[in-house]
Amino acid sequence: MLEVIRQRRSVRTFLKRDVEKERLNDVLKAAMFSPTARGLRPWDFIIVTDDKTKTQLSRATPYASFAKDAPLVIVICYDASKGKRFKEDCSICAENIYLEATNQGLGTCFIQIADGTEANEGNPEDFVKRLLAIPGNYRVQCLMPIGYPLKQPGPHKDEEFEEGKVHYGRF
Ligand SMILES: Cc1cc2nc3c(=O)[nH]c(=O)nc-3n(C[C@H](O)[C@H](O)[C@H](O)COP(=O)(O)O)c2cc1C
């Protein structure tokens, strides 16, 4: 497991190659096997493959431009009316997507949806909700473009393990 975690990097360039349905399903399975507060499983996943919609998504924030180049984008959203810890649940679920994508030879990247552009009046979440007809009571967690990496960033290195960040007993 540590090897997959080590290899997991944010991938922002993709080959022009479709992701097989079985691989996508395994990635979504990993997402839905995530732990959730009180076992509430608040998520919904929107799979976007349409070029025009991906281009729109890539304009949601200044840091999302590469979303249009992936064969598909998973949009993670959740029903905010049903509980309180859904942001945490969906963050963990995004990490499971990262890890299973890596395990499948795919790449992905978490794209936050909080800091917008002038074009969407600084509110990328509402922009994405309108674009994808997401119900009003839902929040959007993030966008995760997925595909086969064109450039795979190198793995994490042992030097990133900082012993000084670990405190035993008290700070
Ligand atoms: C909460 C969160 C928000 C992020 N938002 C973006 C984003 O909007 N655009 C982007 O290109 N990368 C985004 N990233 C990816 C980070 O830039 C990346 O994880 C970080 O640079 C470390 O690199 P690594 O994932 O390859 O280990 C985000 C990551 C997290 C956890």
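Above: the structure in question.
A brief structural summary. Owing to the predicted nature of the structure, the values given are computational and were not obtained by experimental measurement.

**Considerations on the overall build of the protein**
The secondary structure content of the protein amounts to five helices and four strands. Tracing the protein from N to C terminus, the helices and strands come up as α-α-β-α-β-α-β-α-β. A compact globule built from 171 residues should have a C-alpha radius of gyration of about 16 Å, and the protein, at 17 Å, falls within 12% of that. Residues classed as buried in the protein amount to 30% of the 171 residues present.

**A closer look at the packing of helix α2 (residues 21–32) against helix α4 (residues 86–103)**
Axes are the key here: two packed helices are described by the angle between their axes and the distance separating the axes. At a minimum axis distance of 8 Å, the contact between α2 and α4 shows a crossing angle of 145°. Helix-helix and strand crossings are classified by hand; for α2 and α4 the assignment is right-handed. Where α2 abuts α4, its residues D26, V27, A30 and A31 lie against C93, N96, I97, L99, E100 and A101. A class-by-class count of the residues in the contact of α2 with α4 yields seven nonpolar, one polar and two charged.

**A short note on the site of the ligand**
With respect to spatial proximity, the complete set of residues near the ligand consists of R9, S10, R12, T61, Y63, C109, F110, I111, Q112 and P153. Of the residues contributing to the shell around the ligand, the split by class is five nonpolar, three polar and two charged.

**Quick look at the nonpolar core**
Core analysis: the biggest nonpolar cluster contains 36 residues, and V73, V75, I76, I97, L143 and M144 have the highest contact counts within it. Those elements that provide at least two residues to this core are α2, β1 (43–48), β2 (72–79), α4, α5 (124–132) and β4 (138–147). Top contributing element to this core by residue count: α4, with seven residues. Once residues within four sequence positions are removed from consideration, L143 is found in contact with L57, A64, A67, V73, V75, I111 and I113.

**Brief notes about unusual backbone geometry**
Across the chain, the bulk of peptide bonds are trans and the bulk of non-glycine residues have phi less than zero. The phi dihedral of R38 falls on the positive side, at around 55°, and the residue is not glycine. Take R38: it is sitting in the loop between α2 and β1. Here the phi dihedral of R41 falls at roughly 45°; this positive angle occurs in a residue that is not glycine. Mapping R41 onto the fold places it in the loop between α2 and β1. Overall, the presence of 15 C-beta atoms within 10 Å leaves R41 in the partly exposed class.

**Considerations on the sheet that holds strand β3 (residues 107–108)**
As summarised here, the arrangement of the four strands in space is β1-β2-β4-β3, forming an open sheet in which the pairing is antiparallel. Each edge of the sheet is formed by a strand with only one pairing partner; in this case those strands are β1 and β3. Those strands touched by α5 are β1, β2 and β4, and its axis lies near 75° from that of β4.

**A few points about the pairing of β2**
In terms of residue burial, β2 counts as a mostly covered element, since six of its eight residues are buried. Two elements, β2 and β4, share eight bridges in a ladder whose sense is antiparallel. The residue of β4 that forms the bridge with I76 is C142.

**A look at the pairing of β4**
Counting buried positions over the ten residues of β4 gives eight, a clear majority of the element. As judged from the two bridges shared by β3 and β4, these two strands associate in the antiparallel manner. Bridged to G107 within β4 is G147.

About the criteria used
- The residue count restarts for each chain, going from 1 along the sequence in the order it is written.
- Only residues with pLDDT of at least 70 are given local features in this predicted model, and only at 80 or more are side-chain atom pairs given and counted; all residues enter the totals for whole chains, interfaces and linings.
- To qualify as a helix, a DSSP run of H or I must reach at least 4 residues; to qualify as a strand, a run of E must reach at least 2; elements of each kind are numbered from the N terminus.
- Radius of gyration: C-alpha atoms only; globule rule: 2.2 Å multiplied by the number of residues to the exponent 0.38.
- Residue burial here comes from a neighbour count, namely the number of other C-beta atoms, placed from the backbone, that lie within 10 Å of the residue's own C-beta, with 20 or more meaning buried, 12 or fewer meaning exposed, and in between meaning partly exposed.
- To obtain each axis, a line is fitted to C-alpha atoms, and for helices this fit is confined to the stretch in contact; angles are then taken between N-to-C directions over 0 to 180 degrees.
- Working rule for handedness: look at the near helix, and if it is turned counterclockwise from the far one by less than a right angle, call the crossing left-handed; if clockwise, right-handed.
- The contact rule is simple: place each C-beta atom from the backbone, and if two of them lie within 7 Å, those residues are in contact.
- Polar here means any residue other than Ala, Val, Leu, Ile, Met, Phe, Trp, Tyr, Cys and Pro, which are nonpolar, and Asp, Glu, Lys and Arg, which are charged; Gly is therefore polar.
- In this entry, near means the residue's backbone-placed C-beta atom lies within 6 Å of the molecule or strand.
- By definition, a nonpolar core groups buried Ala, Val, Leu, Ile, Met, Phe, Trp, Tyr and Cys residues that are joined through C-beta atoms within 7 Å.
- At least two bridges found by DSSP between two strands are what make those strands a pair.

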